[in-house]
Amino acid sequence: MTLFTTNQDLSPEALREVFGAFPSGVVALVAFVDDEPVGLAASSFTSVSLDPPLVSISIANGSKTWPGLRGATHLGITVLADHHRGFARQLAGPVGSRFEGILLARTEEGSGFVVDGLAHFNTSVYREVEAGDHTVVLLRVHARTAAADGQPLVFHRSGFRTLAA
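Scoring rules and cut-offs
Residues numbered from 1 in each chain as written. Predicted model: local features only at pLDDT ≥ 70, side-chain atom pairs only at ≥ 80, totals over all residues. Heavy atoms only, no water. Phe/Tyr/Trp six-rings, centres within 6.5 Å; stacked < 30°, edge-to-face > 60°. Helix = DSSP H or I, 4+ residues; strand = E, 2+ residues; numbered from the N terminus. Buried < 20%, exposed > 50% of the residue type's maximum accessible area, 1.4 Å probe, protein only. Salt bridge = Lys/Arg side-chain N within 4 Å of Asp/Glu carboxyl O.

## Topic: the packing of aromatic side chains
- As enumerated under the stated definition, the model contains three aromatic pairs in all.
- Relative to Phe121, the ring of Phe45 lies with its centre 5.5 Å away and its plane at 45°, an arrangement referred to as tilted. You can see Phe45 sitting in the loop between strand 3 (36-42) and strand 4 (46-50) and its partner Phe121 sitting in strand 9 (residues 119-131), a full 76 residues away along the chain.
- Here Phe45 falls in the partly exposed class, since its relative accessible area comes to 23%.
- With relative accessibility at 17%, the residue Phe121 sits in the buried group.

Following this line, the structure appears as structure tokens:
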């Protein structure tokens, strides 16, 4: 069986389909800017380094939210739980209603966190790396917490899923 043929379709639609075969967790990236929560959902979160403690997230270059977030001194990352499916969709919606019905915690530095998330990271921008139509943002971790239990929200094949035992 031949896996790779010449002249393959590498259109954004075809790539999105094949990239979607890899499941990932979903996080909320939130900061308080001018005393208002600003945030977005992302499925590109990953650990990068233990020393120094770094994580990364990829942001579309056309993001309307990232310019407001990047100026914040600290950014909160919340690993979303399976019951956050609706909230993850809400974060992709209109800016004025992204946090309706969501209980947020705030640090003195302005990081925002979804209170009932599975894990929280208080971070700051360490470095940005241009990467095609996205920017890979390396974030330095200053503090972290983790919930004792719960199941993660998973993004797979362009939809939200939950883990099954």
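So, next bit.
## Considering the pattern of salt bridges
- Going through the model one piece at a time under the given rule, you end up with two salt bridges.
- In this structure, Asp35 and Arg106 form a salt bridge, with 3.2 Å as the shortest nitrogen-oxygen distance. A residue pair is termed long-range when its members are at least 10 positions apart, and Asp35 in the loop between strand 2 (27-33) and strand 3 and Arg106 in strand 7 (residues 104-106) qualify at 71 residues.
- Owing to a relative accessible area of 57%, Asp35 belongs among the exposed residues under this scheme.
- Put simply, Glu128 and Arg70 hold a salt bridge, and the shortest N to O gap is 2.4 Å. With Glu128 in strand 9 and Arg70 in helix 2 (residues 66-70), the pair connects residues that are 58 residues apart, well separated along the chain.
- Overall, Glu128 belongs to the partly exposed group, its relative accessible area being 32%.

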